[in-house]
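Take a look at the letters that make up each chain.
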Amino acid sequence: MTTTDGHSHQPRNVVLAITGASGALYAVRLLQVLLDARSSVHLVVSSAARQVFAQELDVELPSVSAPADAWQNLIHETTAGKSSQQWQFRPLNSLAAQDCGSGKLIQYGTADYSSPVASGSSLTDGMIICPCSMGTLSSIAGGNSSNLIQRAADVHLKERRPLILVPRETPLGLIQLENMVRVCRAGATVLPAMPGLYQKPAGIGDLVDFIVARICDHLRIPHSLTRRWGTD
Ligand SMILES: Cc1cc2nc3c(=O)[nH]c(=O)nc-3n(C[C@H](O)[C@H](O)[C@H](O)COP(=O)(O)O)c2cc1C
């Protein structure tokens, strides 16, 4: 498969966890881009994330047993449907439209420790927690493994695989800062939801895409979300 920038790309096998920090839109757009790049996405959603989605997007997230289509509908409605107007997402310069189909989505419950992502023997290309609550950050820093999200994060650290945490909180207290240092020392990438303004965002969609682009770059997932600095 060849991407829009001419590089070859192997579809990725990625764990995506959505936790209860503000920033539901980041998760929706990220999921869209991952699937657009034909990734296999192993999805885990915390119960607090469901509350945040209800508050920020007025939607009820698909249950664990819901078909993947339910997520596709949510993505479509948020990025291109009627409720998308306030966010102003740019249409994706879709890889899928060229020579590849859509990726695969599998959702697991937060207590499903028999799922593949609970074990290091299941190979992945990395894990993203977006957005990442301070609670989940703290549990990862403490090695708690008390739900599937924390266990999968622990697995990625011990297996020395990429783990990208996208925290959203302000201001940050000392304990939160120390937890970030701790996970960083253990090998995680802390990628705060702090969009830059130097590309003159035209709307909320551009701010979201700034962060989603940086996440994808870290896992070498192709995208056409933002202009690269230094290029026309
Ligand atoms: C609407 C809403 C917004 C929230 N925003 C944040 C936030 O931005 N950052 C954060 O760390 N926690 C936030 N919280 C609190 C977390 O959801 C809460 O600490 C929860 O225990 C996190 O659980 P989880 O890590 O299992 O998702 C928010 C909660 C709600 C309901």
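In this text the structure is predicted, and so the values were computed from the model without any measurement.

Here is what the cut-offs are and how they apply
Residues numbered from 1 in each chain as written. Predicted model: local features only at pLDDT ≥ 70, side-chain atom pairs only at ≥ 80, totals over all residues. Helix = DSSP H or I, 4+ residues; strand = E, 2+ residues; numbered from the N terminus. Buried ≥ 20, exposed ≤ 12 C-beta atoms within 10 Å, placed from the backbone. Contact = placed C-beta atoms within 7 Å. Pairing = 2+ DSSP bridges. Axes fitted to C-alpha atoms, helices over the stretch in contact; angles between N-to-C directions. Near = placed C-beta within 6 Å. Nonpolar A, V, L, I, M, F, W, Y, C, P; charged D, E, K, R; others polar. Core = buried A, V, L, I, M, F, W, Y, C linked by C-beta atoms within 7 Å. Right-handed = clockwise from strand over helix to strand, strands pointing away. Parallel < 35°, antiparallel > 145°, perpendicular 65-115°, else oblique. Left-handed = near helix turned anticlockwise from the far one by under 90°.

(A) Representation of unusual backbone geometry in the model. Omega for the peptide link from C130 to P131 comes to -10°, which places this bond in the cis form. When you line up the elements, P131 lands in strand 4 (residues 126-132). A cis geometry characterises the amide bond from T170 onward to P171, with omega recorded as -5°. For P171, the position within the fold is in the loop between strand 5 (163-167) and helix 6 (174-185). The residue S145 is not glycine, and still its phi comes out positive at about 50°. Along the chain, the position of S145 falls in the loop between helix 4 (134-141) and helix 5 (148-158). Positive phi values are uncommon outside glycine, yet K200 reaches one of about 50°. In this fold, K200 is placed in the loop between strand 6 (189-190) and helix 7 (204-218). The class for K200 is exposed, based on 6 C-beta atoms found within 10 Å.

(B) Just the environment of G23, in detail. Take G23: it is sitting in the loop between strand 1 (13-18) and helix 1 (24-36). The spatial distance from the C-alpha of G23 to the C-alpha of C132 is 9.1 Å, given a sequence separation of 109 residues. Other than its neighbours up to four places away in sequence, G23 contacts P131, R168 and A193.

(C) The sheet that holds strand 4, seen in detail. Strands sit in the order 3-2-1-4-5-6 across an open sheet of six strands; the sheet is parallel. Two strands close off the open sheet at either side, each with one partner strand: strand 3 (104-108) and strand 6. Where strand 5 lies against strand 6, two bridges are found, and the strand directions are parallel. Across the sheet, residue L165 finds its bridge partner in strand 6, namely V190. Against the sheet, helix 1 contacts strand 1, strand 2 (40-45), strand 3, strand 4 and strand 5, and its axis sits at roughly 155° relative to strand 4.

(D) Broad picture of the site of the ligand. Near the ligand you find 16 residues, and of these T19, G20, A21, S46 and A48 are the closest. Elements supplying a minimum of two residues to the shell around the ligand: helix 2 (47-57) and helix 4. For the shell around the ligand, the leading source of residues is helix 2, giving five residues. The residue makeup of the shell around the ligand, split by class, is five nonpolar, nine polar and two charged.

(E) Seen up close, the nonpolar core. Counting 59 residues, the largest nonpolar core has L16, L30 and C130 as its most contacted members. Looking at this core, the element that brings in the most residues is helix 1, giving 10 residues.

(F) Highlighting the pairing of strand 5. Counting buried positions over the five residues of strand 5 gives five, a clear majority of the element. The side-chain alternation of strand 5 yields two buried faces, one formed by L163, L165 and P167 and the other by I164 and V166. Taken together, strand 5, helix 6 and strand 6 constitute a β-α-β crossover, and its handedness is right-handed.

(G) Representation of the packing of helix 4 against helix 5 in the model. Running from amino to carboxyl end, helix 4 crosses helix 5 at an angle of 45°, the nearest separation of the two axes being 9 Å. The angle between helix 4 and helix 5 falls in the class oblique. By crossing handedness, the relation of helix 4 to helix 5 is classed as right-handed. The segment helix 4 lies against helix 5, with T136, S139 and I140 engaging I149, Q150, A153 and D154. Taken together, the residues of the contact of helix 4 with helix 5 break down into three nonpolar, three polar and one charged.

(H) Expanded view of the pairing of strand 2. Most of strand 2 sits out of view: five of its six residues are buried. Taken together, the six bridges between strand 1 and strand 2 define a ladder with parallel strand orientation. Bridge pairing in strand 2 places A17 opposite V44. As a crossover connection, the stretch from strand 1 through helix 1 into strand 2 is right-handed. Two strands pair when backbone bridges link them, and strand 2 and strand 3 are joined in this way by five bridges, in the parallel orientation. The residue bridging L43 from the neighbouring strand is Q107, located in strand 3.

So far we have only geometry, and geometry alone does not tell us how the molecule works.
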